[in-house]
Amino acid sequence: VTNFCAVFFPCRRHRCPHLPTRPYEKSEKPCVLSEYMEQYPLYPITLPRGSFKPKEAYKMAQIPMEGTSTTKRDYIAYGVLPQKLKPPEKHVKSDESMDLTSTYKQDYNSYPSSQVPPCIPCVTRHIPSAKMDTRTTYEDDYVLWNEPKTELIRPNNRFHPSKEKFDHRTIVQDNYLYRGPVATQSCKPLNLVQKSKAAFENITSYRVNYVPYPMEKRYVHKYEKYKVNEVPFDDLTTHKVSYKGLAGHPAKLAKPYQPELLHDLPFSSTTEFQEKYQAWPWTPVFTKQPDVYLPPLEKMDLHTTTQIHYKHPNGKPAKMCRSLAQLKESTEPFNSSSVMKGDYKPWLCKRLKPITHAPALTFSAKPMDCLTTFQTHYVPHPLTVTKSCKPGWSGPKHHTLLDAKTIYTTSYTPKSIVRCLASYKDPPGYIFEGTDADGHNLYLPASKSESLQGGH
């Protein structure tokens, strides 16, 4: 038997979705082989390069700082005098006595009241002498018919209770008789354990083996005292030191040129779903045609059972038995006066004017200037130009232009994009050999397959 090698096409875009199907492998991880993991291995991590930032100490200004501020200069404290309080007037008690009479006691005096006779006219009712007919409309209209009584349709009850005396005994009392107690034998095993008379030893293996040892003194960590750094703080940043606004050209695009990939092979418009899942032949749905409606030839009888059986035999409308009350109209005029109108008459009152005091505040004749305390005291001052405390740059000035070349543009040269062989249905230059246990398709190069067949 000659040995042959099978070719497998892994790709970073075409991953293997199959899980292993061998019975002796118990791993559930999918196949993670890809072209990217094989061709681009991990490189050792390199440390970053050192900083070229020049060291320069901060130079403090020798001019002393002025201790006055804008608030101390503008907001001047004024002398505030204490507020003068007016002493309250002393209360002087009057010798006059208080008049406890009220307006109600003076104006509303009591009058002798007498009972007023009623002014309602007498109503005479007319009582008719005719005898009242006490029959109702229901008794006149709804008259019983002379019809024979209808016979019942229920069947004859053929059940006749027995004449024998009932003994009041049940089936349980007749069949299940009490036989008396039954002597059963106990199946419980005998307790053959003998209790020892010796005293119980309370010594355990824990007490014998685990002896308490004396505890050592706890270690207390001593903290070091904080020492203030004597070196002054450098407030210079990388942005202040490095970026000095040098003239330079705009950066060029460092992306390598990638030509467009043009395939000579036409794109296949068919998919695996279209090839395997074909449409089934469609059969028309059977529909039943409705029958033609034919109207009946007979005429419909619109009479109901109530219209046929329940008829009014010589019915007449009911007469009203109530007599009309005859009222007599009085010729005397109506007296509209009352006790309230006679006793409580309206008085002639005048409206009181409000009591207004003379104004104690005197207004000045000069016009108001409409200026506030803020506008008079807080006058804007001219701005003071502050001097910059930023130290000057004493380092070297580079007039060389920035090199636009990087490691990416020099090392990573553009390469032509090759189409992955796994995207073909049948890869060109290879012959299908078979599938393995994991579900991978195995292909052989055409040159090796011909040499193997010649060797056989």
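As annotated in an unreviewed UniProt entry, the protein is SAXO1 protein from Calonectris borealis. Under the heading Sequence similarities (unreviewed entry), UniProt records this for the protein: "Belongs to the FAM154 family."

Draft legend 1. Focus on the overall build of the protein. Secondary structure summary: the protein contains 13 helices and two strands in total. For the protein, the share of sequence-separated contacts (at least 6 apart) that also reach a separation of at least 24 residues comes to 67%. Taken as a whole, the protein presents about 52600 Å² of accessible surface, with 59% of it coming from carbon and sulfur.

Draft legend 2. Spotlight on the packing of aromatic side chains. One pass over the structure, following the stated rule, counts six aromatic pairs. With 4.5 Å between their ring centres and 50 degrees between their planes, Tyr75 and Tyr378 make a pair best called tilted. Within this pair, whereas Tyr75 is found in the loop between α2 (70-74) and α3 (103-107), its partner Tyr378 is found in the loop between α11 (373-377) and α12 (407-411), the two being separated by 303 residues in sequence. Taking relative accessible area as the criterion, Tyr75 reaches 44% and is therefore assigned partly exposed. We classify Tyr378 as partly exposed; its relative accessible area is 31%.

Draft legend 3. How the structure looks around a nonpolar patch on the surface. There is a patch of nonpolar side chains on the surface, built from Tyr104, Tyr108, Met340, Tyr344 and Trp347 and spanning about 700 Å² of accessible area. Looking at the secondary structure, you find Tyr108 in the loop between α3 and α4 (137-141).

How each quantity is defined
- Residue positions are given per chain, counting from 1 as you read along its sequence in written order.
- Reporting in this predicted model follows two pLDDT cut-offs: at least 70 for local features of residues, and 80 or more for side-chain atom pairs to be given and counted; totals over whole chains, interfaces and linings ignore these cut-offs and use all residues.
- Side-chain numbers here rest on the full set of heavy atoms in the structure, without hydrogens or water.
- UniProt positions are given in the numbering used here, feature names are shortened, and annotations may be inferred rather than shown by experiment.
- Here a strand is any run of E in DSSP of at least two residues, a helix any run of H or I of at least four, and the numbering for each starts at the N terminus.
- Any two residues having at least one pair of non-hydrogen atoms within 4.5 Å are treated as being in contact.
- Methods summary: accessible areas were calculated by the Shrake-Rupley approach with a probe of 1.4 Å, and residue burial reflects only the protein chains presented.
- Whether two aromatic rings pair depends on their centres lying within 6.5 Å, for rings of Phe, Tyr and Trp, where Trp uses its six-membered ring; planes under 30 degrees apart make the pair stacked, over 60 edge-to-face, and the rest tilted.
- Burial classification: accessible surface area is computed with a 1.4 Å probe over protein chains only, and a residue below 20% of its type maximum counts as buried, one above 50% as exposed, and the rest as partly exposed.
- For patches, a residue must show more than 30% relative accessible area and have no salt bridge; joins then use 9 Å for like charges and 5 Å for nonpolar side chains, namely Val, Leu, Ile, Met, Phe, Trp and Tyr.
- Here, a salt bridge means any side-chain nitrogen of Lys or Arg that lies within 4 Å of a carboxyl oxygen of Asp or Glu.

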